[in-house]
Amino acid sequence: MGSEGPPAVTIHVTGFKKFHGVSENPTESIVNNLQEYVKLKGLPKGVTLGSCSILETAGEGAITPLYQALQSALNKKDSESSNSAKIIWVHFGVNSGATRFAIEHQAFNEATFRCADEMGWKPQKVAIVPADGAISRTRKTSLPVGEITYSLAKMGFEVMASDDAGRFVCNYVYYHSLRFAEQNGILSLFVHVPSFSTIDEETQMQFAASLLEVLASTN
């Protein structure tokens, strides 16, 4: 039985609250406003923007709500008839020193926080998932980072592919998400954005909406 167009895809997104040194986290605004923004702009056929969650900027503080959100989306998929629909998680984090967007290819099994997180935790060379072995272990996204980056650059955005998401909370969340994705047959991607003073809010909203469109067209 043939199907029309690309398979259905549901994209869930997360951002972070403010943290030490970043009084206003752009990802909180992006994620909180994304539903309304794409409602006005529209999304390609078959694409649904699912949950939009804001996480604590803390390693362990982010993980419980992250897993609750990941599992909830999976349960919802299982309870619906469209089991063939793809699920993609997109995690937005800020890199306040960056001048462009970065599509992250992988996460390291290492927590080495340059400063204490919002719960006061400052691990150094700690394995994020000890059962995964050494801190040099990486997990990679199954999404085509090069293709995604190229498509967004063609749209006029300042964007690069990256192999290093740092060793702070962003990497911590990405590692857990990639692990969950691999175990449950879904997809995960992390995107670093600059501050609004570097790239203004409207451009960042356009970027986020364009990213959803690009992801919808990837296989």
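The protein is annotated in an unreviewed UniProt entry as Pyrrolidone-carboxylate peptidase from Heracleum sosnowskyi.

## Description of the overall build of the protein
Secondary structure assignment for the protein yields five helices and 10 strands. For the protein, the C-alpha radius of gyration of 17 Å lies close to 17 Å, the compact-globule estimate for 219 residues. C-alpha extents for the protein along the principal axes are approximately 55 × 40 × 25 Å. For the protein, with 219 residues in total, the buried portion stands at 51%. If you take every contact in the protein between residues at least 6 apart in sequence, the share linking residues at least 24 apart comes to 79%. For the protein, the exposed surface amounts to about 10200 Å²; the carbon and sulfur share of it is 49%.

## Concerning the pattern of salt bridges
Following the criterion strictly, the structure yields seven salt bridges and no others. Note that K17 is salt-bridged to E56, the shortest N-O span being 2.9 Å. You can see K17 sitting in the loop between β1 (9-16) and α1 (26-41) and its partner E56 sitting in the loop between β2 (47-55) and α2 (59-79), a full 39 residues away along the chain. Under the relative-accessibility criterion, K17 is labelled partly exposed at 32%. A salt bridge links K39 to E36, with the shortest nitrogen-to-oxygen separation between them at 3.8 Å. One end of the pair, K39, and the other, E36, are both in helix α1, three residues apart, so they sit about a helical turn from each other. Here the residues in one salt-bridge network are D132, R139, R179 and E182, joined through shared partners.

## Here we look at the sheet that holds strand β3 (residues 86-94)
What holds strands together in a sheet is hydrogen bonding between their backbones, with the strands either parallel or antiparallel. Pairing is mixed across the open sheet formed by six strands, whose spatial order is β2-β1-β3-β10-β4-β9. A single partner strand is all that each edge strand has here, and the edge strands are β2 and β9 (159-162). Taken pair by pair, the neighbouring strands of this sheet meet at an average axis angle of 25°, ignoring direction. Where helix α3 (residues 145-154) meets the sheet, its contacts fall on β4 (101-104), β9 and β10 (187-193), and the angle it forms with β9 comes to roughly 170°.

## Section: the packing of α1 against helix α5 (residues 201-217)
Between α1 and α5, the least distance of the axes is 10 Å, while the angle of their chain directions is 70°. By the criterion of interaxial angle, the relationship of α1 to α5 is roughly perpendicular. Judged by the sense of rotation from one axis to the other, the crossing of α1 with α5 is right-handed. Where α1 approaches α5, its residues S29, I30, N33, L34, Y37, V38 and K41 are matched on the opposing element by E201, E202, Q204, M205, Q206, A208, A209, L212 and E213. Per-class residue counts for the contact of α1 with α5 are eight nonpolar, four polar and four charged.

## Some thoughts on the environment of I135
Here I135 lies in the loop between β7 (126-127) and β8 (138-140). Each C-alpha atom, one on I135 and one on T112, is 9.9 Å from the other, the two residues being 23 residues apart in sequence. When near neighbours in sequence (up to four residues on either side) are disregarded, I135 contacts F108, N109, E110, K125, V126 and A127.

Calculation notes
- Residues numbered from 1 in each chain as written.
- Predicted model: local features only at pLDDT ≥ 70, side-chain atom pairs only at ≥ 80, totals over all residues.
- Heavy atoms only, no water.
- Helix = DSSP H or I, 4+ residues; strand = E, 2+ residues; numbered from the N terminus.
- Rg over C-alpha atoms; globule rule 2.2 N^0.38 Å.
- Buried < 20%, exposed > 50% of the residue type's maximum accessible area, 1.4 Å probe, protein only.
- Contact = heavy atoms within 4.5 Å.
- Areas by Shrake-Rupley, 256 points an atom, 1.4 Å probe, with all protein chains shown as cover.
- Salt bridge = Lys/Arg side-chain N within 4 Å of Asp/Glu carboxyl O.
- Pairing = 2+ DSSP bridges.
- Axes fitted to C-alpha atoms, helices over the stretch in contact; angles between N-to-C directions.
- Parallel < 35°, antiparallel > 145°, perpendicular 65-115°, else oblique.
- Left-handed = near helix turned anticlockwise from the far one by under 90°.
- Nonpolar A, V, L, I, M, F, W, Y, C, P; charged D, E, K, R; others polar.

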